[in-house]
There are 2 protein chains.
Amino acid sequence: MNGQLRDDVVAIAGNARQQFYDARGYGTPTGGNHIEVSRVEAAHLLFRGDLESVVDSDGSHLDFEAFFVSSASAVDRFGLRFLVYAELRDRGFYLSPAREGWPGEDTNEWTDLTVYPRGTKPGDGEPAHRIVVVGERTPIPAATLREVTLAVVDEESEITYLETGMPTFDGGSTYQPPASVTGSLIDDRVVVWESPDGFFDHGFYGQPLTAREAVLDNAVQLSLVEAAGLAVEDHLSLTDEDRLAAEAICERGRAVEGERFDRRLAVYRALRSQQVVPKTGYKFGADFRTYNTVASVDDLSHSECLVRVVDADHTFDPRELSLDVRLAGGVRKRMVFALTGANGNIEWLTVSRLTP
Amino acid sequence: MNGQLRDDVVAIAGNARQQFYDARGYGTPTGGNHIEVSRVEAAHLLFRGDLESVVDSDGSHLDFEAFFVSSASAVDRFGLRFLVYAELRDRGFYLSPAREGWPGEDTNEWTDLTVYPRGTKPGDGEPAHRIVVVGERTPIPAATLREVTLAVVDEESEITYLETGMPTFDGGSTYQPPASVTGSLIDDRVVVWESPDGFFDHGFYGQPLTAREAVLDNAVQLSLVEAAGLAVEDHLSLTDEDRLAAEAICERGRAVEGERFDRRLAVYRALRSQQVVPKTGYKFGADFRTYNTVASVDDLSHSECLVRVVDADHTFDPRELSLDVRLAGGVRKRMVFALTGANGNIEWLTVSRLTP
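Residues numbered from 1 in each chain as written. Chains lettered and ligands numbered in written order. Predicted model: local features only at pLDDT ≥ 70, side-chain atom pairs only at ≥ 80, totals over all residues. Heavy atoms only, no water.

**Student:** Please clarify how the relation of the copies chain B and chain A should be interpreted in this entry.
**Tutor:** Each of the two chain copies can be brought onto the other by rotation about an axis and movement along it. At an RMSD of 0.0 Å, chain B and chain A line up after a rotation of 180 degrees and a shift of 0.0 Å along the axis. Look at the turn and shift together and you get a two-fold axis relating the two. Of every C-alpha in chain B, the one belonging to L327(B) sits nearest the axis of rotation, 2.8 Å from it. Take the interface residues of chain B: 100% of them recur as interface residues in chain A, which is what a same-surface contact looks like. (Least-squares fit on C-alpha atoms with pLDDT ≥ 70 in both. Contact = heavy atoms within 4.5 Å.)

Put into structure tokens, the structure is as follows:
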């Protein structure tokens, strides 16, 4: 059986509807027993030997190789779409190109492929996945990552699926610091020489100033973002400073981190306001790791999330995204991105690996 | 007992040599029973209550807090050095500030602290570690990372030790591709429609073009860097191309990756020339993962290293370094950096976490 190339679809006559659409979910019916399939679907049918050739407008008969090469120059990311289409087919899914008038059509302008739940046919019920196909070098604007599944094709044509969603935090850390904490701003941290009871042990603020046999039992060092979070809420003042603590600390923060400091502070405060405790994520290469419920530092469970703070209009590099998501998965935490505007407005995004 | 501040050292009289230097490895002897200690050491003695105060040039008696604050404005990274010094002391090590004329002096201009093997005293034998102290925001020029141990103090004052060294590769992958491979350059990969025997199975070149029931059994896709590596050695030619394959592929590589492509190709070729097989490291956020010995892809052991290609004059961000090293450790691979000049010259560097 042959197909006929018309613009960017391939028309198939004969008993194509029954053989390809009804039985196996290829294409969209066009009346009678005829169907149209997308170039990706046609390539797959050629690849499997279900079509012999596609006839182009010159009347040339194209085999798989010739049709693949010609489609690659006609269609954006054709090779990548084909790989993802073929792999999902091999995994037993039906799927359609996401385009107007086709089965499973949706309104997300970024979607490339619509995948149906296993055992269901195109257009029956809600799609299982809305797939955006990207290469490993394709920059990914954060705005595209809403309720889609990314299929990232790496340079050796292996595919990683990344699922995106909205995180929820379930905070239950109820410690409230007193209003009377004082400290010294020293370089890029604040030392609280006499910290109040529970400040570190229950509030998990700062880090004790080293452990053994010291003359100061309660000295605690705060990071700049912890100190700023406290100072902005009037819980912290500085010795040797005429200015307001919040002003002096934020100025120091901007001096060492630039405007990123304000974004990180906004995220820190948003988490604390939900009774979630953010601590540094440095060891994981992230901005924060988070604890939903800290009752006592002596009895701490593992942190649940890693949070990376990025600009609201951030563009992800797929390789960096892969690194973050892989690391978070390896330590059984959720990877969360805080897309943070200069005004402090935050949109949250989780990204995790998926095996369809 | 008090110390006397003189320039940037603190002189201690009485029986200081016996009490602090001989018994516990602080400072350097200056004649009789007198010693000089660095500011960091003096702060540690104050912190432990072994010194009561340090008397400054005005005759003021400074306690730990006052001496710490004054030293922080006088000495570069004083707070960080103190934290690392105190933590290593707590772990049972003797250590000295690395400076001319002091015990364990060394010639590496970057070293901050010299740490002696457990159970040995300052100046006895070779140091166990030469420590460079950095904050988590300090950019680290790659050139500083030669036979040193980085102590990275994160924003919450936790310390990560990173050991650096030279990797050796123990390659034993002996497959040689034939001279006759041909392919099509399609977007950012090369498809070899009919690959020779063993090309994928033994040489681990490319990736089969999807698995099941296909009309083409031996079609393999190569990444651009794999294809360029083959083309430069005259193993690959392109259909539909008048130019030399190497030229066309490298041009495409530069179009999608910029000048990084040439560096990555240099590293790829250097590894293959040592009979090591580099494959994409995308899933780990790296440039390559490497296999020392590939006999057959069906019987592949885990890859041993992750390789990231960076410029010869690269400056590391400690947070990115932490992310890479953490991820590599989590998957039991060595993290290797290939510092690669524009001329293709490569210096190799391993970085791994260390618990002193």
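**Student:** What exactly am I supposed to notice about the environment of V309(A) here?
**Tutor:** All names here are of chain A. Assignment of secondary structure puts V309 in strand β20 (residues 305–311). Look at V309 and you get buried, because its relative accessible area is 3%. Every residue in contact with V309, bar those within four places of it in the chain, is listed here: R260, R263, R264, V267, D287, F288, A338 and T340. (Helix = DSSP H or I, 4+ residues; strand = E, 2+ residues; numbered from the N terminus. Buried < 20%, exposed > 50% of the residue type's maximum accessible area, 1.4 Å probe, protein only.)

**Student:** What's the story with the interface of chain B and chain A in this structure? I'm lost.
**Tutor:** Reports of interface size often rely on the accessible area that becomes lost once the parts have come together. Counting from both sides, the interface comprises 68 residues of chain B and, opposite them, 68 residues of chain A. The interface formed by chain B and chain A includes 12 salt bridges. We note a salt bridge from E158(B) to K283(A), for which the minimum N-O separation is 3.4 Å. Linking chain B with chain A are 28 residue pairs in polar contact (both at pLDDT 80 or more). The residue inventory of the side of chain B that touches chain A, partitioned by class, reads 30 nonpolar, 12 polar and 26 charged. (Salt bridge = Lys/Arg side-chain N within 4 Å of Asp/Glu carboxyl O. Polar contact = N/O pair within 3.5 Å; in protein donor to acceptor, adjacent residues only side chain to side chain. Nonpolar A, V, L, I, M, F, W, Y, C, P; charged D, E, K, R; others polar.)

**Student:** I would appreciate a short explanation of a negative patch on the surface in the present structure.
**Tutor:** A cluster of acidic residues, E194(A), D217(A), D240(A), D63(B) and E65(B), forms a negative patch at the surface. Following the sequence through the fold, D240(A) ends up in the loop between β17 (236–238) and α6 (245–257). (Patch = residues over 30% accessible without salt bridge, like charges linked within 9 Å, V, L, I, M, F, W, Y side chains within 5 Å. Areas by Shrake-Rupley, 256 points an atom, 1.4 Å probe, with all protein chains shown as cover. Lys, Arg positive; Asp, Glu negative; His and termini not counted. Charge placed at Lys NZ, Arg CZ, Asp CG, Glu CD.)

**Student:** Quick question: what am I supposed to make of helix α4 (residues 78–90) of chain B here?
**Tutor:** Residues that lie three or four places apart on an α-helix share one face, since the helix turns once every 3.6 residues. All names here are of chain B. A rise of 1.5 Å per residue sets the reference length of α4, with its 13 residues, at 18 Å; its end C-alpha atoms lie 18 Å apart and thus fit the reference within 8%. Taking burial as the measure, the 13 residues of α4 include 12 buried ones, the bulk of the element. Phi for G92, located one or two positions after α4, is positive at around 95 degrees. (Expected span 1.5 Å × (residues − 1).)

**Student:** I keep staring at the pattern of salt bridges and nothing clicks. Help me out?
**Tutor:** Using the criterion set out here, one finds 58 salt bridges over all chains in the structure. A salt bridge links R319(A) to D287(B); the shortest N-O distance between them is 3.5 Å. Of the two residues, R319(A) is situated in helix α8 (residues 318–330) and D287(B) in the loop between β18 (277–280) and β19 (288–291); the pairing between them involves two chains. Linked through salt bridges whose partners overlap, the residues forming this network are E136(A), R137(A), E155(A), R319(A), D188(B), R189(B), E257(B), R260(B), R264(B) and D287(B).

**Student:** Would you take a moment to explain the sheet that holds strand β12 (residues 159–165) of chain B for this structure?
**Tutor:** Backbone hydrogen bonds are what pair the strands of a sheet, in a parallel or an antiparallel way. Residues and elements named next belong to chain B. Spatially, 10 strands are ordered β7-β8-β9-β11-β12-β23-β22-β20-β19-β18 in an open sheet, and the strand pairing comes out mixed. With one partner strand each, in any of the chains shown, β7 (95–97) and β18 form the two edges of the open sheet. Here the average twist between neighbouring strands, direction ignored, is 30 degrees. Note that β7 and strand β8 (residues 113–115) share 3 bridges and pair antiparallel. Across the sheet, the residue bridging to P97 is L113, located in β8. Against the sheet, α4 engages β7, β8, β9 (129–135), β11 (149–153) and β12, with an angle of about 135 degrees to β9. (Pairing = 2+ DSSP bridges. Axes fitted to C-alpha atoms, helices over the stretch in contact; angles between N-to-C directions.)

**Student:** So what exactly am I meant to see when it comes to the pairing of strand β22 (residues 334–340) of chain B here?
**Tutor:** Taken residue by residue, a regular strand's side chains alternate between the two faces of the sheet. Residues and elements named next belong to chain B. Where burial is concerned, most of β22 is hidden: 6 out of the 7 residues are buried. Relative to β22, strand β20 (residues 305–311) runs parallel, the two sharing 7 bridges. Considered in β22, the bridge of V307 is made with V336.

**Student:** Looking at this model, I keep getting lost on unusual backbone geometry. Mind explaining?
**Tutor:** Leave glycine aside and you will find that most residues have negative phi; peptide bonds, for their part, are mostly trans. Positive phi, normally seen in glycine, also occurs at D7(A), with a value near 50 degrees. In this fold, D7(A) is placed in the loop between β1 (2–6) and β2 (9–12). Even without a glycine there, the phi angle at F204(B) is positive, about 55 degrees. Structurally, F204(B) can be placed in the loop between β14 (189–192) and β15 (207–208).

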